[in-house]
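Chain by chain, the residues run as shown.
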Amino acid sequence: MTALSRQQLRSVPKVELHIHLEGTFRPARVVELAALAGEEPPRPADRLFEADNLADFLQTLDWVCGLVRDEPTAEQVAYDFATYAHDQGIVYAEVILNPTHWSGLTTAELFPACARGFDRAQADGLGDFRLLPSILRQQSEQEALHLVEWIEGAGLDRIVGLSIDGNEEAAGRTGPRFASAYAHAARIGLGCTAHAGESSGAEGVRDAIELLGVSRIDHGVRCAEDPEVLGMVLERGITLNVCLTSNSTLLYSSLEDHPIRGLAAAGVLFTINTDDPETLGISLCSELEIAAEHLNWNASDLIEAQHRAVDAAFCSEADKRALRALIDHTVGM
């Protein structure tokens, strides 16, 4: 059993790097938006996100996000996330936002609205939350480049990096297609991350590192299946943003089958995250509790995990120093 109490897990200032805004809609908000839109949810609210596979899950996300049809609603969705994050003790997060899910708004409407929601949340003392625009794997090379070019011209300070998500298995190999967009993102100073090593195997992790030039990977756990790729992750200091419940739902039959213990023992840098907390019925505190029990963490391990997340974040060095000081000051109280 873990030596950490729930109070310790909740009170430590936390950083999350792998969470999708699309996966943070509370059921009550979805019901409200569906009623306003005159649409019937595909399933009852308490079973809304039940899905047999990743494709069904993504289809439901598209429907939910499509209910957001004006900028004030998008701003409120971002603020809703900040309220949840504050309750979890999350002081900083980089939130993935894929515009292809949000059919009711353009990219130029969606991101500024969410940034305003995060601005308002920070002014209200709820935390500091940034945005990671994400490419959908089924998009074209030109569409991906257009997104990066839009980011460059938009000048939104809350956008700190580029991501890519979607069904790896269905899309096939996409690294070569998006290499130019990632190279452009790096040139303009964006951090680079990518979903890989989830529905793709270790080869997806290799492509993310070699072709996309990422410094961290969302999931990435299947690098354990190839010693050469695992060695690449270790040698280059790549951080894996791991989501235990999400992986145990979609990839592994149980947590005991998850490779996290072996990855930790090998010295892989990793963080603990939720992926889609509302859709999975979890929170960052509950995921950290699972990690602490599974990995036999003590309080120092929990703090070290938060420092790893700060190290991997795409914010400025000054912001990182402030986050580290906040974590250490709170722990020392």
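Further up the page is the structure itself.
I will try to describe carefully the structure that is included in this document.

Rules used throughout
Residues numbered from 1 in each chain as written. Predicted model: local features only at pLDDT ≥ 70, side-chain atom pairs only at ≥ 80, totals over all residues. Heavy atoms only, no water. Buried < 20%, exposed > 50% of the residue type's maximum accessible area, 1.4 Å probe, protein only. Helix = DSSP H or I, 4+ residues; strand = E, 2+ residues; numbered from the N terminus. Pairing = 2+ DSSP bridges. Axes fitted to C-alpha atoms, helices over the stretch in contact; angles between N-to-C directions. Left-handed = near helix turned anticlockwise from the far one by under 90°. Contact = heavy atoms within 4.5 Å. Nonpolar A, V, L, I, M, F, W, Y, C, P; charged D, E, K, R; others polar. Lys, Arg positive; Asp, Glu negative; His and termini not counted. Salt bridge = Lys/Arg side-chain N within 4 Å of Asp/Glu carboxyl O. Polar contact = N/O pair within 3.5 Å; in protein donor to acceptor, adjacent residues only side chain to side chain.

**What to know about the pairing of strand S2 (residues 90–97)**
Within a regular strand, side chains alternate between the sheet's two faces. Extensive coverage of S2 is indicated by the burial of 7 of its 8 residues. Pairing analysis gives 5 bridges linking strand S1 (residues 14–20) to S2, with the strands arranged parallel. When the sheet's bridge partners are listed, His 20 is paired in S2 with Ile 96.

**Quick look at the packing of helix H9 (residues 202–210) against helix H10 (residues 227–236)**
Packing of H9 against H10 leaves a shortest axis separation of 9 Å and a crossing angle of 35°. Judged by the twist between their axes, the crossing of H9 over H10 is left-handed. Mapping the contact onto sequence places Ala 202, Val 205, Arg 206, Ile 209 and Glu 210 in H9 and Glu 228, Val 229, Met 232, Val 233 and Arg 236 in H10. Residues of the contact of H9 with H10, tallied by class, amount to 6 nonpolar, no polar and 4 charged.

**Focus on the environment of Leu 244**
Along the chain, Leu 244 turns up in helix H11 (residues 244–250). We classify Leu 244 as buried; its relative accessible area is 1%. C-alpha of Leu 244 to C-alpha of Asn 273: the two residues are 29 residues apart in sequence and 7.7 Å apart in space. Discounting chain neighbours no more than four positions away, the residues touching Leu 244 are Leu 255, His 258, Ile 260, Ile 272, Asn 273, Glu 287, Ile 290 and Ala 291.

**Observations concerning the side chain of Asp 218**
On the secondary structure map, Asp 218 appears in strand S6 (residues 216–219). Notably, Asp 218 is buried but unbridged: the nearest opposite-charge side chain belongs to Arg 216, and the N-O separation is 4.8 Å. Of note is the side chain of Asp 218, whose polar atom sits 3.4 Å from the side chain of Thr 193. Ignoring any residue separated from it by four or fewer positions in sequence, one finds Asp 218 in contact with Leu 17, His 18, Ile 96, Ser 163, Thr 193, Ala 194, His 195, Ala 196 and Asn 241.

**Here we look at the environment of Ala 170**
The residue Ala 170 is located in helix H7 (residues 168–171) in this model. C-alpha of Ala 170 to C-alpha of Ala 55: the two residues are 115 residues apart in sequence and 8.5 Å apart in space.

**Notes on the sheet that holds S2**
In space, the 8 strands of this open sheet follow the order S1-S2-S3-S4-S5-S6-S7-S8, with parallel pairing throughout. Every interior strand has two partners, whereas the edge strands, S1 and strand S8 (269–272), have only one. Neighbour-to-neighbour, the strand axes of the sheet open up by a mean angle of 25°, direction not taken into account. As paired elements, S2 and strand S3 (residues 128–136) share 6 bridges and run parallel to each other. Bridging across to S3, Tyr 92 finds its partner in Asp 128. Along the sheet face, H9 touches strand S5 (191–196) and S6 and points at about 165° away from the line of S5.

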